[in-house]
Amino acid sequence: MADSRFVYVTYIRTTPEKLWQGLTDSEFIRRYWCGTTQESTWQAGSAWRIMIPDGRVADGGEVVEIEPHKRLVLKWRNEFVPELRAEGFSKLTYELEVVGESVKLTVIHEMDKPESKLIGAVSQGWPHLLASLKSLLETGESLLETRTWPEGA
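Quick caveat, the model's predicted, so the values are computed rather than measured.

Procedures and definitions
- Residues numbered from 1 in each chain as written.
- Predicted model: local features only at pLDDT ≥ 70, side-chain atom pairs only at ≥ 80, totals over all residues.
- Heavy atoms only, no water.
- Pairing = 2+ DSSP bridges.
- Helix = DSSP H or I, 4+ residues; strand = E, 2+ residues; numbered from the N terminus.
- Axes fitted to C-alpha atoms, helices over the stretch in contact; angles between N-to-C directions.
- Contact = heavy atoms within 4.5 Å.
- Patch = residues over 30% accessible without salt bridge, like charges linked within 9 Å, V, L, I, M, F, W, Y side chains within 5 Å.
- Areas by Shrake-Rupley, 256 points an atom, 1.4 Å probe, with all protein chains shown as cover.
- Salt bridge = Lys/Arg side-chain N within 4 Å of Asp/Glu carboxyl O.
- Buried < 20%, exposed > 50% of the residue type's maximum accessible area, 1.4 Å probe, protein only.
- 1 Å grid on protein atoms, 1.4 Å probe; cavity = no way out; pocket = protein on both sides within 12 Å on 5 of 7 lines; lining within 4 Å.
- Points joined across faces, edges and corners; volume = space filled by probe spheres on them.
- Nonpolar A, V, L, I, M, F, W, Y, C, P; charged D, E, K, R; others polar.
- Phe/Tyr/Trp six-rings, centres within 6.5 Å; stacked < 30°, edge-to-face > 60°.

Visitor: Outline the sheet that holds strand 2 (residues 37-40), listing residues and values.
Guide: One open sheet accounts for seven strands, arranged 1-7-6-5-4-3-2; its pairing is antiparallel. Each end of this open sheet is capped by a strand with a single partner; those strands are strand 1 (4-12) and strand 2. Looking at each pair of strands side by side, their axes are set apart by 20° on average, direction ignored. As paired elements, strand 5 (residues 71-78) and strand 6 (residues 90-99) share six bridges and run antiparallel to each other. Paired with Trp 76 across the strands is Ser 90, a residue of strand 6. Relative to strand 6, helix 1 (residues 16-24) is tilted by about 160°, and along the sheet it contacts strand 1, strand 2, strand 4 (57-67), strand 5, strand 6 and strand 7 (102-111). This element, helix 4 (residues 117-139), spans strand 1, strand 5, strand 6 and strand 7 of the sheet and lies at about 10° to strand 1.

See the structure below:
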């Protein structure tokens, strides 16, 4: 088990296919993830990264495991905050499970480092981003404050 771990579970009124699109389609991601995009070929072993609207790389790593519409595991390292980058790679897991008319989304972000500052940071960001994704999928509108990259960040 990881020394530092963040787990978040939510239920979204959508289909696994639409939720998968929300997690892997760059244009969809841009609408709820602060204007960022994600670049990858979405194949096991392929590179993956989050691009800040100004061209900087926010986070990057590799696709470790992929089962479309069910499970995605990413090797993840922050690239733009030196203190967080120095901690090295973490692991992010998305798990999707149909439950009635909804999809249960479980997000697990973990690192084999006690009291990881990265896990502390993402623990603050994930709930807001995932609430915005849920809102976008269910209503067609993301949360206003997650639509653009924060000034000065």
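Visitor: With reference to specific residues and values, describe a nonpolar patch on the surface.
Guide: A cluster of nonpolar residues, Val 7, Val 9, Tyr 11 and Val 99, forms a patch on the protein surface that exposes about 310 Å² of accessible area. In terms of residues, the nonpolar patch owes the most to one element, strand 1, which gives three residues. With respect to the helices and strands, Val 99 occurs in strand 6. Taking relative accessible area as the criterion, Val 99 reaches 34% and is therefore assigned partly exposed.

Visitor: I'd like a description of the pairing of strand 4, backed by residues and values.
Guide: With five bridges connecting them, strand 3 (residues 47-51) and strand 4 associate as antiparallel partners. Note on strand 4: the bridge partner recorded for Met 51 is Val 57. The hairpin formed by strand 3 and strand 4 contains five residues between the paired strands, and Gly 55 there has a positive phi angle of roughly 100°. Turn length for the strand 4-strand 5 hairpin, with the two strands adjacent in sequence and antiparallel, is three residues, and the turn residue His 69 shows positive phi of about 70°.

Visitor: Requested: an account of the layout of surface pockets, with residues and values cited.
Guide: Remark: the empty space left among the atoms is shown by a probe the size of a water molecule rolled over them. Of the volumes computed, that of the largest pocket is approximately 490 Å³. Elements supplying a minimum of two residues to the lining of the largest pocket: strand 4, strand 5 and helix 4. Of all the elements, helix 4 adds the most residues to the lining of the largest pocket, at eight residues. Split by residue class, the lining of the largest pocket holds 16 nonpolar, seven polar and two charged.

Visitor: Before we move on, can you summarise the packing of aromatic side chains with the specific residues and values?
Guide: As enumerated under the stated definition, the model contains eight aromatic pairs in all. On the basis of an interplanar angle of 45° and a centroid distance of 6.2 Å, the ring pair of Tyr 32 and Trp 33 is categorised as tilted. With respect to burial, Tyr 32 and Trp 33 carry one shared label: buried. Between Trp 33 and Trp 126, the aromatic rings sit 5.4 Å apart at their centres with planes inclined by 70°, giving edge-to-face as the arrangement. Taken together, the residues span a long stretch of sequence, with Trp 33 in the loop between helix 2 (26-30) and strand 2 and Trp 126 in helix 4 at a distance of 93 residues. Residue Trp 126 is classed as buried on the basis of its relative accessible area, which comes to 3%. Through successive ring pairs, a cluster of aromatic residues spans Phe 28, Tyr 32, Trp 33, Trp 48, Trp 76, Tyr 94 and Trp 126.

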